[in-house]
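Spelled out from the first residue to the last, the chains are:
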Amino acid sequence: MSTPRDRNGFEGGPDDGSGWQEPGHLGGGGPGADEPNIADRRKRPRDDEPVAGSDPWQPPGWDLPATTPDRDRQPPGADPSWAPPQAPPAAPERPRGGLFGSRARARDPEMERAFTYEGNQLGAQSWALHHGWTVSDGSGPEDAVLTDLLATCPVRPGKEARPAGVLRGRAGAVELVAFDVVYPWGREWVAKYAVTAAPLLGSVPTLRLSPARLWKHRIGGLLPVVSGNADFDRRWQLLAAEDGPQVRRLAQDPAVQGLLLGTDDGDEFWTGAGHVAAVRPDGHRPQLIEHHTRLLTAIVAALAVGI
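Cut-offs used in this document
Counting restarts for each chain, with residues numbered from 1 along the sequence as it is written. With the structure being a predicted model, the display of local features is reserved for residues of pLDDT at least 70 and the display and counting of side-chain atom pairs for 80 or more, all residues being used for whole-chain, interface and lining totals. As a convention, hydrogens and water are excluded, and side-chain values are obtained from all of the structure's heavy atoms. Under the scheme applied here, a residue whose accessible area is under 20% of the maximum for its type counts as buried, over 50% as exposed, and between as partly exposed, the area being computed with a 1.4 Å probe on protein chains only. Note on conventions: DSSP H or I runs of at least 4 residues are helices, E runs of at least 2 residues are strands, and numbering of each starts at the N terminus. Within this analysis, the arc is defined by the directions that extend from the helix axis to the C-beta atoms. Between two residues, a contact is recorded if the distance between any of their heavy atoms is within 4.5 Å. By definition here, a salt bridge exists when the distance from a side-chain nitrogen of Lys or Arg to a carboxyl oxygen of Asp or Glu is within 4 Å. When two rings of Phe, Tyr or Trp (its six-membered ring) have centres within 6.5 Å they constitute a pair, described as stacked for plane angles under 30 degrees, edge-to-face for angles over 60, and tilted for the intermediate range. Note on criteria: charge over ring means Lys NZ or Arg CZ within 6 Å of the ring centre, with the direction from the centre no more than 35 degrees off the ring normal. Criterion used throughout: strands pair if DSSP finds at least two bridges between them. The axes used here are C-alpha line fits, helices contributing only the stretch in contact, and every angle between their N-to-C directions lies in the interval 0 to 180 degrees. The term nonpolar core refers to a set of buried residues drawn from Ala, Val, Leu, Ile, Met, Phe, Trp, Tyr and Cys, joined through side-chain atoms within 4.5 Å.

> Please give an account of helix α6 (residues 245-252) that cites residues and values.
Side chains of residues three or four places apart in an α-helix project in the same direction, reflecting 3.6 residues per turn. All of the buried residues in α6 are Q246, V247, L250 and A251. For α6, the arc enclosing every buried residue in end-on projection is 130 degrees, short of the 170-degree limit, so these residues lie on one face. Looking at the buried side of α6, the elements it contacts are β5 (207-211), β6 (223-225), α5 (230-235), β7 (236-240), α7 (254-261) and α8 (286-304).

Structure, rendered in structure tokens:
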């Protein structure tokens, strides 16, 4: 019967391990003892490895230049006359295509000027306070008449328009109210027109005084009134519901003609809601208030004769 201590007949000798030796491929005796030991070979440096104590190897160009205050700021070999290339000129804007070909559309400087906002609401309010005028936001009970006046405006302001930045004061013997016509734009209100109006005493016929170059809206039932001044009639057109003495005096008033001929033909005048008013596609600023004040003072004086 065999036991774990039996050698099963493969080897003889004691079982104390005294006969063990390292295999030859690991450097021990026996066959293959003359072959190099891999473990010992790893401990020896290769022919291309640096020897301990010499300078370590590093790739070419790895060293940084010496840190000296007086060294040249340009890299070695740089051309001091070199400058970075300039960006190529922007390509000309291509005209937009159309049904009948592409052609650049000429811009009308007068139209661009007319639709460019030049108002200064803070400056207008400062001017008003400096001259003793009052300032309101257009929501007071005294401002309700401005909504009625706006409904008769020749520029057709629309349902969303409302008066804002209302300024009230006196210019000589004439009471005036100036405000901006604003429209909603997102969460803000944007001024598109500037209106200045003067209340009238007595009855005044419905009339329109507009530059001849402008398209006329809401002129049904209005008759043209000629002034007799060829230069004035060429640039301005007066339309009225009836041709009476008041309208004739306004058309032939030399002060009104002289002031209007000296302008840029950018204002329109009309009567409505007990006022005579002027409107311009702009926002109010001190210069515009003074401009409207001069014109409305002359118009009110011409209409007040004989009342």
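> Kindly report on the pattern of salt bridges, identifying the contributing residues and their values.
One pass over the structure, following the stated rule, counts 9 salt bridges. A salt bridge links R208 to E268; its shortest N-O distance comes to 3.7 Å. Taken together, the positions of R208 in strand β5 and E268 in strand β8 (residues 268-272) put the pair 60 residues apart, joining distant regions of the chain. Accessibility classification places R208 together with E268 in one group, the buried group. Between R248 and D243 there is a salt bridge, with its nearest N and O atoms 2.7 Å apart. Through salt bridges with shared partners, one network takes in D264, D267 and R280.

> Tell me what's going on with the packing of aromatic side chains, and back it up with residues and numbers.
Scanning the entire structure with this criterion turns up 2 aromatic pairs. Ring plane angle 75 degrees and centroid distance 5.1 Å describe the contact between W127 and W133, whose orientation is recorded as edge-to-face. Judged by relative accessible area, W127 falls into the buried class, the value being 13%. The class for W133 is buried, based on a relative accessible area of 5%. Seen in terms of ring centroids, W236 and F269 are 6.3 Å apart; in terms of plane orientation they differ by 45 degrees. Their pairing is tilted. Of the two residues, W236 is situated in strand β7 and F269 in strand β8; the sequence distance between them amounts to 33 residues. Each member of the pair, W236 as well as F269, is classed as buried. Of note, R162 hangs over the ring of W189, and the distance from its end group to the ring centre comes to 4.5 Å. One cation-aromatic arrangement involves K192 over Y183; the distance from NZ or CZ to the ring centre is 5.5 Å.

> Describe the pairing of strand β3 (residues 174-185), and please don't skip the residues or the numbers.
In terms of residue burial, β3 counts as a mostly covered element, since 9 of its 12 residues are buried. One ladder, built from 8 bridges, connects strand β2 (residues 162-171) with β3; its direction is antiparallel. Across the sheet, L167 pairs through a bridge with A178, a residue of β3. Here β2 folds back onto β3 in antiparallel fashion, the turn holding 2 residues, of which G172 has a positive phi close to 70 degrees. In the sheet, β3 pairs with strand β4 (residues 188-199) via 9 bridges, with the strands oriented antiparallel. Bridge pairing in β4 places A178 opposite T196.

> Any details on the sheet that holds β4? Residues and values, ideally.
Taken together, 9 strands build an open sheet; the order of strands is β1-β2-β3-β4-β9-β8-β5-β7-β6 and the sheet is antiparallel. Each end of this open sheet is capped by a strand with a single partner; those strands are β1 (134-136) and β6. Each neighbouring strand pair of the sheet contributes to a mean axis angle of 25 degrees, computed without reference to strand direction.

> Can you tell me about the pairing of β2, naming the residues and giving the values?
Burial within β2 is extensive, with 7 of its 10 residues counted as buried. Where β1 and β2 come together, 3 bridges link them in antiparallel fashion. Within β2, the position partnered with T134 by the bridge is R168.

> Describe in detail the nonpolar core, supporting the description with residues and values.
Ranked by size, the top nonpolar core spans 34 residues in total, and within it L209, L238, L250, L260, F269 and I299 carry the most contacts. In terms of residues, this core owes the most to one element, α8, which gives 8 residues. Other than its neighbours up to four places away in sequence, L238 contacts L207, R208, L209, L223, P224, V225, V247, L250 and A251. Counting 17 residues, the second largest nonpolar core, distinct from the first, contains V181, Y183, V195 and W270.

> Give me helix α4 (residues 144-151): which residues, what numbers.
Among the residues making up α4, those that are buried are L146, L149 and L150. Angularly, the buried residues of α4 cover 100 degrees about the axis, an arc narrow enough to put them on a single face. Those residues of α4 that are buried are in contact with β2, β3, β4, β8 and β9 (275-280).

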